[in-house]
Amino acid sequence: MILKNIQKKHEGKFIHRYDITYQTENGDEKIYEMISRNPSLNSAQDLHAKKPDAVVLIIHSKDGEHLLLNREFRLALGDWVINFPAGLIDPGETPEQSAKRELKEETGLDLTEITGILPLSYSAVGFSNETNVCVMGTATGTFAKSSSDVEEIEAAWYTKEEVRKLLQKEKFAARTQAYCYLWSI
């Protein structure tokens, strides 16, 4: 595919909609609709993020026997979904700072140790170039209601057996479902 054009179609507060025109291998034109956190996509290089937009937190108990999961009402779905704590990285924040802030805001817990950070990955390659980094670690503290008035989140620790039961009956974000399956077997 050869990129021919990028045209912004809508400017939003958090996401922006673009039409990207490609020339296919057989010479046809393909217009692809996508969204981005980047307000000014102009080139093929702009489609590739240089820094993450968000953090995803994969948090275990200190003994490794429990996994932290959020049951969260997601506005785009109008329904509850099992997901890892996650959120946008604020301007000037490092992924580590964002991870601490987001964990506290969404769960009330304190990030006590970061055990690893995975490099950039994409959130939804079918329609967006949004990127994130996964921050792994441990947390302690007492659960508290989300500090955001637009987020409804129920955070809890789950054992492997409990996660296997969730996988059979609950809706999941794809990355969380894949991790939970592998962790719980």
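You'll find the structure just up there.
Notes on the structure follow. Residue positions are counted from 1 within each chain, in the order its sequence is given. In keeping with the predicted nature of the model, local features appear solely for residues at pLDDT of at least 70, side-chain atom pairs appear and are counted solely at 80 or more, and the whole-chain, interface and lining totals rest on all residues. Side-chain metrics rest on all non-hydrogen atoms present in the structure, leaving aside hydrogens and water.

Some points on the pairing of strand β10 (residues 131-140)
With 9 of 10 residues buried, β10 is to be regarded as a mostly interior element. Two strands pair if DSSP finds at least two bridges between them. In this description a helix means any DSSP run of H or I spanning at least four residues, a strand means any run of E spanning at least two, and both kinds are numbered starting from the N terminus. Pairing between strand β4 (residues 54-60) and β10: 7 bridges, direction parallel. Residue pairing in the sheet places I59 in a bridge with G137 of β10. Summarising the sheet, strand β8 (residues 110-117) and β10 pair through 6 bridges and their orientation is antiparallel. Following the sheet pairing, D110 is matched in β10 by T140. Bridge analysis of strand β9 (residues 121-122) against β10 gives 2 bridges, and the strand direction is antiparallel. Across the sheet, Y122 pairs through a bridge with T131, a residue of β10. Working definition: with a 1.4 Å probe on protein chains only, accessible area under 20% of the residue-type maximum means buried, over 50% means exposed, and in between means partly exposed.

With respect to the packing of aromatic side chains
Between 30 and 60 degrees the pair is tilted, below 30 it is stacked and above 60 it is edge-to-face, where a pair is any two Phe, Tyr or Trp rings, Trp via its six-membered ring, whose centres lie within 6.5 Å. Considering all chains together, one arrives at 3 aromatic pairs under this definition. Pairing F73 with W80 gives two aromatic rings, centres 5.8 Å apart and planes at 75°, and the pair type is edge-to-face. One Lys or Arg, K160, reaches over the ring of W183 and ends 5.4 Å from the middle of that ring. Two conditions define a charge sitting above a ring: the NZ of Lys or the CZ of Arg must be within 6 Å of the ring centre, and it must be within 35 degrees of the ring normal.

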